[in-house]
Amino acid sequence: MRRSYRRIFSKRCDTVKKVSKKTRNEWCWAWFMVAPTIIGLIVLNIIPIFQTLYLSFFKSGAFGKGNIFVGLDNYRRMFADGQVWHAVKNTIGYTCMVVPITIVIALLMAVALNGRLKGKGIYRTIYFVPMVAAPAAVTMVWKWLYNNQYGLINHVLNKVGIDSVNWIDDPQIALLSISIIGIWSTIGYSMVLLLAGLQEIPRDYYEASDIDGASKVKQFFSITVPLVSPTLFFVLVTSIITAMQVFDVIYMMIDVTSPSYDNTVSLVYLFYNNSFKYSDKGYGSAIVMLLLMIIMVITVIQTKLQKKWVNYM
Amino acid sequence: MERKRKISTLLLHIVLIMGAFVMVLPFLWMVLTALKTVSESTSMNPFVFFPKTMQWENFQIVIQQNDFIRLYFNTFTMMVLRVLCAVLFSAMAAYAFARLEFPGKNFLFGLVLFQMMVPAQIFVVPQYLMVDKMGFRNTVFALVFPGLVSAFGTFLMRQFFMGLPKELEESARLDGCNIWQTFWKVMLPLTKSGLVALGIFTALFSFKDLMWPLIVNSDSDAATLSSALAKISSAYSVNYPQLMAAAVLAVWPMMLIYIIFQRQFIEGIATSGGKL
């Protein structure tokens, strides 16, 4: 198997006669080494992008057989579909709640753990724990904590004299409940990344400003934030992209029949339901193209804005 | 001054301990509930925090009704295969992109970057159709399929290779190693921390993945821990101790691995993020 693979490549190389033998040798090795990844990427990722685009112009026939070309109908339907607009609103709402809160808390914690604090290793380990649990399991536990009648959270609230909150089935609250799970499970990840960024900042900067009599708050805003801004930018970009693709928690917590469905369904959840639950892969593909567009726009805006606040040393 | 610092350290500890408590509370509650009887779990007056006697049979029942051995096998085979593929292929491609000159290099590396910028859901339907057409649904291969290669891994490993000194490989080449030997025997061992980081990253995210196994392996004996939980969650609905027992069974292996290798985990995640 391996040998025939190499033979194909050496044949390809023989056709390039103009260059020296040594360079040719290097080319062949290089092609051989990138081949698995590149072939894999083309088959698994690049072609599927075009297939998804292609599918979005079709209506899936019964049993997935015989797709009918419908032109831009899926897109027209999408822009008239109230549920899609709900999903856009919910996805952006979720992102706007989870990302800023996570990053602020994670940054403060990272700063706290960056000093000479005793037991900082233990804190770091504990804060990261939610990251290693499967979202499916985590959501099951939170759903139980949120339970209207028997949940721990409502019990504690009642004890301190607050009425029970209908965390899951109240359409006004459900997205907040989901965001809390999102924040809880990603704080550790952002914190670990930011902590790594903080450790790159030379200690002398702080010592010098200590001598100058700068307060801790002043140090935070004029040394820590500017110098950690490249890491902060990375964490911000990846957090936003991850949050825009939220699926697991909502899928596990909110059923299609739930009264909160319209107020919590995300674009990816809607894509999943249309593509696989209702087997309308054409419409599902149109939704995923919309998600792609939104993420692209956000990424472009961010790269434009980064010049304003990110300091590369 | 000294006293003031002590107080602020103490306050900091109190805040951090409260934070830590919030982080572990759901897991604690999960384990405690898993060991209760159904009536204990739903008793409000008095509210039961600790079970009177540990109800270990909750676990027995869940294991009997769901083939957890099978789920562990599926999940871990998937993780191991994905890690091996991602690490090997990414390291190979990354070395070529970092150190070799060849026609098409920039274009091909552009493909790698392009893949990383696109949301993964865009690949899902065509990948599903491919697996379906090949007749591989409900197999371990189907679980591994989207992870056969890794653009992220290629990018990450390239950063590691670029950080290594050029002199090393030049002397290896002078000593008569060919390109493959230079890569395999000299350069690859030097990127061990990168390989570990990529391995942990790949293992963690394939373990947590829910949508793909849900779509491609709908049979319950081909499911992963995550996708099986999704089914159990809707099937048991009100028996909370058993639901929590299933959740415990699904999270403990990764938790154990994490506790043993916590330093590698955290450093792995930190470097894989920091290198980008």
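Residues numbered from 1 in each chain as written. Chains lettered and ligands numbered in written order. Predicted model: local features only at pLDDT ≥ 70, side-chain atom pairs only at ≥ 80, totals over all residues.

Caption draft 1: Structural context of the overall build of chain B. Check the secondary structure of chain B and you find 15 helices and zero strands. Over its C-alpha trace chain B gives a radius of gyration of 24 Å, far above what one expects of a compact globule, namely 19 Å for 276 residues. Taking the principal axes of the C-alpha coordinates as reference, chain B spans close to 80 × 70 × 30 Å. Of all 276 residues assigned to chain B, the portion counted as buried reaches 45%. Taking the intrachain contacts of chain B between residues at least 6 apart in sequence as the baseline, contacts between residues at least 24 apart amount to 73%. (Helix = DSSP H or I, 4+ residues; strand = E, 2+ residues; numbered from the N terminus. Rg over C-alpha atoms; globule rule 2.2 N^0.38 Å. Buried ≥ 20, exposed ≤ 12 C-beta atoms within 10 Å, placed from the backbone. Contact = placed C-beta atoms within 7 Å.)

Caption draft 2: Quick look at the interface of chain A and chain B. In this complex, chain A contributes 70 residues to the contact, which on the side of chain B involves 71 residues. A total of 20 residues in the side of chain A that touches chain B trace back to one element, the largest contributor, which is helix H2 (residues 21-55) of chain A. Taken together, the residues of the side of chain A that touches chain B sort by class into 53 nonpolar, 13 polar and four charged. (Nonpolar A, V, L, I, M, F, W, Y, C, P; charged D, E, K, R; others polar.)

Caption draft 3: Structural view of the packing of helix H13 (residues 267-277) of chain A against helix H14 (residues 281-309) of chain A. Residue and element names in this part refer to chain A. Closest axis-to-axis distance for the H13/H14 pair is 7 Å, and the angle between their directions is 165 degrees. When the axes of H13 and H14 are compared, the pair comes out roughly antiparallel. Every pair of crossing elements has a handedness; the one defined by H13 and H14 is left-handed. Across the interface between the two elements, Leu267, Val268, Leu270, Phe271, Asn274 and Ser275 of H13 pack against Lys281, Tyr283, Gly284, Ile287, Val288, Leu290 and Leu291 of H14. Tallied by class, residues from the contact of H13 with H14 come to nine nonpolar, three polar and one charged. (Axes fitted to C-alpha atoms, helices over the stretch in contact; angles between N-to-C directions. Parallel < 35°, antiparallel > 145°, perpendicular 65-115°, else oblique. Left-handed = near helix turned anticlockwise from the far one by under 90°.)

Caption draft 4: Structural view of the environment of A:Leu291. As for its position among the elements, A:Leu291 is in helix H14. Spatially, the C-alpha atoms of A:Leu291 and A:Asn114 are 37 Å apart, while their sequence positions differ by 177 residues. The contact partners of A:Leu291, leaving out residues within four places of it in the chain, are A:Leu267, A:Val268, B:Pro119 and B:Gln121.

Caption draft 5: How the structure looks around the domain arrangement of chain B. Residues and elements named next belong to chain B. According to the domain assignment, chain B consists of domain 1 (2-59) and domain 2 (65-274). On a C-alpha basis, the centres of domain 1 and domain 2 stand 33 Å from each other. Of all elements in the fold, only helix H1 (2-34), helix H2 (38-41) and helix H3 (57-65) reach the threshold of two or more residues within the side of domain 1 that touches domain 2. With four residues, H1 is the single largest residue contributor to the side of domain 1 that touches domain 2. Taken together, the residues of the side of domain 1 that touches domain 2 sort by class into five nonpolar, five polar and one charged. (Domains from an automatic or database assignment.)

Caption draft 6: Quick look at the nonpolar core. A:Ala137, A:Ile287, B:Leu229 and B:Ala247 are the most contacted members of the largest nonpolar core, which has 161 residues in total. The element contributing the most residues to this core is helix H4 (residues 68-99) of chain B, with 14 residues. Leave out the neighbours within four places in its chain, and A:Ala137 touches B:Leu229, B:Ala247, B:Ala250 and B:Val251. (Core = buried A, V, L, I, M, F, W, Y, C linked by C-beta atoms within 7 Å.)

Caption draft 7: Focus on the domain arrangement of chain A. Structurally, chain A comprises domain 1 (2-55) and domain 2 (77-309). Look at where the C-alpha atoms of domain 1 of chain A and domain 2 of chain A centre, and you get two points 40 Å apart.

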